[in-house]
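Coordinates in review
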Amino acid sequence: MDNDTIVTKVNAALAEEFELEQAALVPDAKIRDDLGLDSLDIVDMVIVLEKAFDFKLQNKESLAAIRTLGDIYTFIGELRDAGTIR
Amino acid sequence: MLFWLHPWLPVSLRNDDLAVQHPASILVCNHQSFLDIYLLGAQQQSNLCLVTKHWPFHLLFFFAPAMRSAGYIDAENLPAEEVEAVCLQRLREGATLVIFPEGHRTRTGALGRFHVGAFHLAMQSGRPVLPLLVHNSFNVFPPHGKLFHPMRIRMEFLQAVYPRDFAATPLPHRAMMRYVRQLYATQLAAEAYS
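Residues numbered from 1 in each chain as written. Chains lettered and ligands numbered in written order. Predicted model: local features only at pLDDT ≥ 70, side-chain atom pairs only at ≥ 80, totals over all residues. Heavy atoms only, no water.

Next up on the list: the overall build of chain A. Looking only at helices and strands, one finds three helices and zero strands in chain A. Listed N to C, the secondary structure of chain A is α-α-α in terms of helices and strands. Taken against the 2.2 N^0.38 rule, which gives 12 Å for 86 residues, the C-alpha radius of gyration of chain A at 12 Å falls within 12% of a compact globule. On the principal axes, the C-alpha backbone points of chain A span a range of 30 × 25 × 20 Å. Counted over contacts in chain A with a minimum sequence separation of 6, partners at least 24 positions apart contribute 58%. With an accessible surface of roughly 5,000 Å², chain A has 51% of that area assigned to carbon and sulfur atoms. Charge-centre separation for chain A: the mean point of 9 positive side chains lies 6 Å from the mean point of 18 negative side chains. (Helix = DSSP H or I, 4+ residues; strand = E, 2+ residues; numbered from the N terminus. Rg over C-alpha atoms; globule rule 2.2 N^0.38 Å. Contact = heavy atoms within 4.5 Å. Areas by Shrake-Rupley, 256 points an atom, 1.4 Å probe, with all protein chains shown as cover. Lys, Arg positive; Asp, Glu negative; His and termini not counted. Charge placed at Lys NZ, Arg CZ, Asp CG, Glu CD.)

Okay, the interface of chain A and chain B next. Contacts between the two partners involve 15 residues from chain A and, on the opposite side, 11 residues from chain B. Contact between chain A and chain B buries roughly 1,100 Å² in total, counting both sides, with carbon and sulfur atoms accounting for 45%. The interface formed by chain A and chain B contains seven residue pairs in polar contact (both at pLDDT 80 or more). Mapped by element, the contributors of at least two residues to the side of chain A that touches chain B are α1 (3-18) and α2 (39-53) of chain A. Considering every element that reaches the side of chain A that touches chain B, the biggest residue donor is α2 of chain A, with seven residues. Among the residues making up the side of chain A that touches chain B, the classes are represented as seven nonpolar, two polar and six charged. (Buried area = accessible area lost by both parts, 1.4 Å probe. Polar contact = N/O pair within 3.5 Å; in protein donor to acceptor, adjacent residues only side chain to side chain. Nonpolar A, V, L, I, M, F, W, Y, C, P; charged D, E, K, R; others polar.)

Residue and element names in this part refer to chain B. Taken together, the seven strands give an open sheet; going across it, the order is β1-β7-β6-β2-β5-β3-β4, and neighbouring strands pair in mixed fashion. Edge strands, defined here as strands with exactly one partner in the open sheet, are β1 (11-14) and β4 (73-74). Its contacts with the sheet put helix α7 (residues 117-125) on β2 (26-29), β5 (96-99) and β6 (129-135), and the angle it makes with β2 is roughly 165°. (Pairing = 2+ DSSP bridges. Axes fitted to C-alpha atoms, helices over the stretch in contact; angles between N-to-C directions.)

Moving on, we get to the pairing of β5 of chain B. Residue and element names in this part refer to chain B. Neither face of β5 is exposed, since T96 and V98 on one face and L97 and I99 on the opposite face are all buried. Pairing of β2 with β5, which is carried by three bridges, proceeds in the parallel orientation. Its bridge partner being in β5, I26 is matched across the sheet by L97. Bridge analysis of strand β3 (residues 48-52) against β5 gives three bridges, and the strand direction is parallel. Bridging from a neighbouring strand, L50 pairs with V98 of β5. (Buried < 20%, exposed > 50% of the residue type's maximum accessible area, 1.4 Å probe, protein only.)

The next subject is the pairing of strand β7 (residues 153-157) of chain B. Residues and elements named next belong to chain B. Of all five residues in β7, four are buried; the element is thus mostly enclosed. In this sheet, β7 lies alongside β1 in parallel orientation, the contact comprising four bridges. Counted as the bridge partner of S12 is R154 from β7. Across four bridges, the pairing between β6 and β7 is antiparallel. Each bridged residue has a counterpart across the sheet, and for V134 the counterpart in β7 is M155.

This is how it looks when you write it as structure tokens:
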């Protein structure tokens, strides 16, 4: 899975579940401040991403550093590089 | 307050019996104006517990003591898990939680995006969500307007929505939230059309 595919899948999954405008889905978008997701949304976002990429996140602490949409792309890329997702 | 304002601000309420039939439920309401909180006084359910942002406790110095003594919940003053625990406790004690799922007043008159907290609580508690629809309070005091526009405000309880009906869906609280928001959107669109 290349980086462009990751971006497309993340954006599609989040746009559908959280009714976000595609135009708002830029790498610098802050998840809370710009996308307006609250703490409950962020818990749901993990579930949405697990389903979209068919993986189960074992270490929830690894999410602590995620602030922006770009951080999510990077995080999913790292899971791909580690062989967690294909 | 509604009594004194009645000559200029008549309020009608449909399906009022639904509030009495569903004690200890989660009452959600669209948020068009600061009047919406006072409009809650028009309905018959008396054991209400508002779940609000922090600023009313801070800035409404006249009402804040009453809000605290009534056990209203400051949703921004505690971690989300603790807010949820307090809300569930209030429900067990028989209170009806009042939540504005848009999180703030509309600035345009259009229905805003819903937050999921109220529906998460419904799933956790098994209690129904009781939607209260407010028509027209936006036009009485439009944002940034300086004038009060006397007109009739219509309120209506919609049928209760039960969490069990969404239990089989993935992320059931989100499915419930979308369903209830669509109820509001449909009703408000029908009102605009008529």
